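# Commentary on secondary and tertiary structure
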Amino acid sequence: MTRFLITGGSGFIGSNFIRHILKNQREILVTNLDKLTYAGNRENTKEFESDARYEFVHGDICDAKQVGQLVPKVDVVVHFAAESHVDRSIDSAHDFVQTNVLGTNTLLEVAKRSKIKRFIHFSTDEVYGSRREGSFAEVDALNPSSPYSASKAGSDLLALAYWKTHKVPVTVIRSSNNFGPYQFPEKAIPLFITNLIDGKKIPLYGKGENVRDWIFVEDCTRATETILERGLPGEIYNVAGYSEMNNLELTKMILREFDRDERFIEYVADRPAHDFRYSIQAKKLAGLGFVVKSNMRERLRQTIQWYREHEEWWRPLKKDAYTVK
Ligand code: NAD
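Residues numbered from 1 in each chain as written. Predicted model: local features only at pLDDT ≥ 70, side-chain atom pairs only at ≥ 80, totals over all residues. Heavy atoms only, no water.

## A few points about the pattern of salt bridges
Stated precisely, the cut-off is as follows: Criterion for a salt bridge: a side-chain nitrogen of Lys or Arg within 4 Å of a carboxyl oxygen of Asp or Glu. By definition, any uninterrupted DSSP run of H or I lasting at least four residues is a helix, any uninterrupted run of E lasting at least two residues is a strand, and each is numbered from the N terminus. With a 1.4 Å probe rolled over the protein chains alone, any residue whose accessible area is under 20% of its type maximum counts as buried; one over 50% counts as exposed, and the rest are partly exposed.
Tallied over the entire structure, the rule returns 22 salt bridges. Residue Glu-186 pairs with Arg-88 through a salt bridge whose shortest N-O separation is 2.7 Å. Here the residue Glu-186 occupies a position in the loop between β7 (177-179) and α6 (188-197), and Arg-88 occupies one in helix α3 (residues 86-91), the gap between them amounting to 98 residues. The class of Glu-186 is buried, set by a relative accessible area of 4%. Between Glu-311 and Arg-315 there is a salt bridge, with the nearest N and O atoms lying 3.0 Å from each other. With Glu-311 and Arg-315 both in helix α11 (residues 311-318), this residue pair falls 4 residues apart, about one helical turn. Within this structure, Arg-3, Asp-75 and Lys-117 form a network of salt bridges that share partners.

Structure (structure tokens):
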């Protein structure tokens, strides 16, 4: 029996990860600790709320007392909880430092005194910063640009320091941009899809030249499971989707699925310090036997279909979504 504590399990990737492990592993108990910020939603976990192996705890990773009661009872922590939207971090970084840095530190402090077997710290390719050519490997230095990625870089380094100093069995995962069902409709792909469903335009930063690498969320949750099974503490694993494209190419791909042309694009002023290109290579993860299975176009179609069929899920959330200025 493995007992999991998942932080941020009511958000996008966390809820997909819980769904995946409840489906694929039998002998597990899962506790989801989530603050239910604007990004956290009980609807994301509705499908498995009645599963006897699952329990929800409403709380904050910054609350040392609450974390102190939960962490010692589990074998594995998978830490997804974060403030995750770059544009919001540009408006104000306070909550990002609070949750991403101090919240992670609170978890690590308790983990230091507990007998947990694994601590997965879930992070992003954005911590490496931008590069025009080639791809970052896990040994490369961090060079974040936004307050969001800086707060994630800070928490990555703290987590790795707790491995080096206290032997907390930390593994850091750095993933490319995820997309798929249950993603909050302020992130690029669900924002574009839900705008088009409503006959509205797609807001595109600058000229749409910025390049991102996309991974379907189920590939990312499978990669996380592989790293839990075969990865090592003290190590960092990049999780790449190997689907790099610029934002204009992505937008055109989505427009085609809606039979719309470029008149449905509204070019907006660029984001400050907008990283030109994120690119990681994931040879270490491939060495654990992991292969990305998805085709971007097929998964995008499936995601569009999901948003078409789940209007009751995203419509109430859209009022809280960040609006591009
Ligand atoms: P999300 O914003 O959808 O979900 C975050 C969840 O964390 C929410 O349920 C929220 O309520 C919860 N939360 C926030 N602050 C909390 C706190 N103080 N205590 C407890 N819970 C709190 O985010 P996501 O897109 O699912 O991202 C999950 C993780 O993956 C984050 O750490 C993010 O940095 C990282 N990541 C995301 C992507 C991506 O493309 N979405 C890519 C790489 C890495």
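Now that the structure has been shown, we can carry on.
## A short note on the layout of surface pockets
The criterion, for reference: A pocket here means an open set of points on a 1 Å grid, computed over the protein atoms alone, that has protein on both sides within 12 Å along at least five of seven lines. A cavity is instead a set of points where a 1.4 Å probe fits but cannot get out; residues with an atom within 4 Å of a point line either one. Grid points are joined across faces, edges and corners, and a volume is the space filled by probe spheres set on the points. The classification used treats Ala, Val, Leu, Ile, Met, Phe, Trp, Tyr, Cys and Pro as nonpolar, Asp, Glu, Lys and Arg as charged, and all other residues, Gly among them, as polar.
Of the voids in this model, the largest pocket is the one considered here, and its volume is about 340 Å³. Lining the largest pocket are 16 residues, and of these Asn-16, Arg-19, His-20, Lys-23 and Glu-218 lie nearest its centre. Only α1 (12-24), α7 (217-230) and α10 (296-309) provide two or more residues apiece to the lining of the largest pocket. No other element matches the 5 residues that α1 contributes to the lining of the largest pocket. A per-class count over the lining of the largest pocket returns 3 nonpolar, 6 polar and 7 charged.

## What about the sheet that holds strand β11 (residues 244-246)?
What counts here: Pairing between strands requires that DSSP locate at least two bridges from one strand to the other. Angles run from 0 to 180 degrees between N-to-C directions of axes, and those axes are lines fitted to C-alpha atoms, restricted for helices to the stretch in contact. We call two residues contacting when some pair of their heavy atoms lies within 4.5 Å.
Across the sheet, 3 strands lie side by side as β7-β9-β11; this open sheet has mixed pairing. Looking along the sheet, the strands with just one partner apiece sit at the ends: β7 and β11. Mean inter-strand twist for the sheet, computed between neighbouring axes without regard to direction, equals 45°. Pairing of strand β9 (residues 211-216) with β11 involves 3 bridges; the strand directions are antiparallel. Within the sheet, the bridge partner assigned to Asp-213 lies in β11 and is Glu-244. Sitting on the sheet, helix α8 (residues 247-257) touches β9 and β11, and the angle it makes with β11 is about 90°.

## Focus: the site of the ligand
The condition is simple: To be near a molecule or strand, a residue needs just one of its heavy atoms within 4 Å of it. Contacts described as polar in this section are N or O atom pairs within 3.5 Å, which, within protein, must combine one atom able to donate a hydrogen with one able to accept it, while residues neighboring in sequence count only if both atoms come from side chains. Each accessible area is a Shrake-Rupley estimate made with a 1.4 Å probe; only the visible protein chains count as cover when residues are assessed.
Taken together, 28 residues form the shell around the ligand, and within it Ile-13, Asp-34, Ser-84, Tyr-148 and Lys-152 come nearest. At 2.9 Å, a backbone N or O of Gly-11 approaches an oxygen atom of the ligand. Asp-60 is positioned with one of its side-chain polar atoms (N or O) 2.8 Å from a nitrogen atom of the ligand. Burial of the ligand by the protein amounts to 96% of the accessible area it has alone, namely 840 Å². Of all the elements in the fold, those that place two or more residues in the shell around the ligand are α1, β5 (118-124), α5 (147-166) and β7. Broken down by element, the shell around the ligand gets its largest block of residues, 3 residues, from β5. By residue class, the composition of the shell around the ligand is 10 nonpolar, 14 polar and 4 charged.

## Re the packing of aromatic side chains
Heads up, the condition is: Stacked, edge-to-face and tilted labels apply to pairs of Phe, Tyr and Trp rings (six-membered ring for Trp) whose centres lie within 6.5 Å, assigned for plane angles under 30 degrees, over 60, and everything in between, in that order. When the NZ atom of lysine or the CZ atom of arginine is within 6 Å of a ring's centre and also within 35 degrees of its normal, the charge is said to sit over that ring.
Tallied over the full model, the rule gives 13 aromatic pairs. A centroid spacing of 5.0 Å and a plane angle of 45° characterise the contact between Phe-80 and Phe-122, whose relative ring orientation is tilted. Residue Phe-80 is located in the loop between β4 (76-79) and α3, and its partner Phe-122 is located in strand β5; the two are separated by 42 residues in the primary sequence. Here the aromatic rings of Trp-306 and Trp-313 are separated by 5.3 Å at their centres, their planes lie at 70°, and the arrangement is edge-to-face. We classify Trp-306 as buried; its relative accessible area is 11%. Given the relative accessible area of 7%, Trp-313 is considered buried. Among the aromatic residues, those joined into a cluster by ring pairs are Tyr-182, Trp-306, Tyr-307 and Trp-313. One residue, Arg-88, lies across the ring of Tyr-38, its end atom 3.6 Å from the ring centre.

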